[in-house]
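Chain by chain, the residues run as shown.
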Amino acid sequence: MSGWKKLAAASAAGGGGLDVDEVFSTYLYTGNGSSQTITNGIDLDGEGGLVWTAGRDSAEGPYIWDTERGVNISLATPFTGGNSTQSNSLTSFNSNGFSVGSSWSINRSDKKYVSWTFRKAPKFVDIVTYTGNGPSNTQNISHNLG
């Protein structure tokens, strides 16, 4: 029952009567070493959002791609360098999921992966960009989370 409460809370957080299936997906897939489309029902092309991937049987990831940075630019969370440019990794944000290329980090042949997809929605997920104003200055950053 507690798992249901967590999903219900996420659904309610989306505001506007959105169901959790419209703003969040966990999807398991096996890499094919070529290209493939992950169809999970999340509209990233029209609404924006982010994709978080990790290998399930290997050390790939985790990596996060978002619609503000665009395809092939990820946050490489296992490293401290920030953005990572990976050609032929996440290749498109689609109206029903996303597509991946042949990059080993997201689609190595016969390796198992998990993806978590979050669609932008008020009070659920927002992705913003900003320019910092120095390490010791306070800065307010506008967002859509409420």
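Residues numbered from 1 in each chain as written. Predicted model: local features only at pLDDT ≥ 70, side-chain atom pairs only at ≥ 80, totals over all residues. Heavy atoms only, no water.

Comments concerning the environment of V71
- Counting through the fold element by element, V71 comes out in the loop between β4 (63-66) and β5 (73-76).
- A residue is classified by how much of its surface remains accessible, and V71, at 32% relative accessible area, is partly exposed.
- When the C-alpha atoms of V71 and T91 are compared, they prove to be 5.4 Å apart, with 20 residues separating the residues in sequence.
- When sequence neighbours within four positions are dropped, the list of residues in contact with V71 reads L90, T91, S92 and F93. (Helix = DSSP H or I, 4+ residues; strand = E, 2+ residues; numbered from the N terminus. Buried < 20%, exposed > 50% of the residue type's maximum accessible area, 1.4 Å probe, protein only. Contact = heavy atoms within 4.5 Å.)

Remarks on the pattern of salt bridges
- With the rule as written, the count across this model stands at one salt bridge.
- Linking D66 and R69 is a salt bridge whose minimum nitrogen-to-oxygen distance equals 2.2 Å.
- Residue R69 is classed as partly exposed on the basis of its relative accessible area of 33%. (Salt bridge = Lys/Arg side-chain N within 4 Å of Asp/Glu carboxyl O.)

A look at the sheet that holds strand β9 (residues 112-119)
- Overall, antiparallel pairing links the six strands, which are arranged β1-β9-β3-β4-β5-β6 in an open sheet. Looking at strand neighbours, the two that pair on one side only are β1 (24-30) and β6 (83-85), the edges of this open sheet. Strand-to-strand twist in this sheet, taken as the mean axis angle between neighbours without regard to direction, amounts to 30°. (Pairing = 2+ DSSP bridges. Axes fitted to C-alpha atoms, helices over the stretch in contact; angles between N-to-C directions.)

A short note on the side chain of S74
- Positionally, S74 belongs in strand β5.
- The class of S74 is buried, set by a relative accessible area of 0%.
- Looking at S74, its side chain comes within polar contact range of the side chain of Q86, at 3.3 Å.
- For S74, the residues in contact, after removing those within four places along its chain, are Y63, I64, W65, G82, N83, S84 and Q86. (Polar contact = N/O pair within 3.5 Å; in protein donor to acceptor, adjacent residues only side chain to side chain.)

Points about the sheet that holds strand β7 (residues 90-94)
- A sheet is described by the order of its strands in space; here three strands give the open sequence β2-β8-β7, paired in antiparallel fashion. Since the sheet does not close on itself, it has two edges, and those belong to β2 (36-39) and β7, each with one partner. Each adjacent strand pair in this sheet contributes to an overall mean axis angle of 20°, direction not counted.
- In terms of strand pairing, β2 meets strand β8 (residues 97-100) through four bridges, oriented antiparallel. Note that in β8 the partner of T37 across the bridge is S99.

Overview of the nonpolar core
- Residues L90 and F98 are the most contacted members of the largest nonpolar core, which totals 14 residues.
- Where this core is concerned, the elements lending two or more residues are β4, β7 and β8.
- Leaving out residues up to four positions away in the same chain, L90 has contacts with V51, W65, V71, N72, F98, S99, V100 and I106.
- Core analysis: the next-biggest nonpolar cluster, separate from the first, contains nine residues, V23, L50, A121 and V125 among them. (Core = buried A, V, L, I, M, F, W, Y, C linked by side-chain atoms within 4.5 Å.)

A closer look at the packing of aromatic side chains
- By the definition in use, this model includes five aromatic pairs.
- A centroid spacing of 5.3 Å and a plane angle of 15° characterise the contact between Y29 and Y113, whose relative ring orientation is stacked. Placement of the pair is Y29 in strand β1 and Y113 in strand β9, with a sequence separation of 84 residues.
- Between Y63 and W65, the ring centres sit 5.9 Å apart and the planes meet at 45°, which makes this aromatic pair tilted. Each member of the pair, Y63 as well as W65, carries the same accessibility label: buried. (Phe/Tyr/Trp six-rings, centres within 6.5 Å; stacked < 30°, edge-to-face > 60°.)

Quick notes on the environment of K112
- Along the chain, the position of K112 falls in strand β9.
- The sequence separation of K112 and S58 amounts to 54 residues, and the corresponding C-alpha distance is 7.7 Å.
- If we skip the residues at most four places from it in the chain, K112 touches Y29, T30, A54, G55, R56 and D57.

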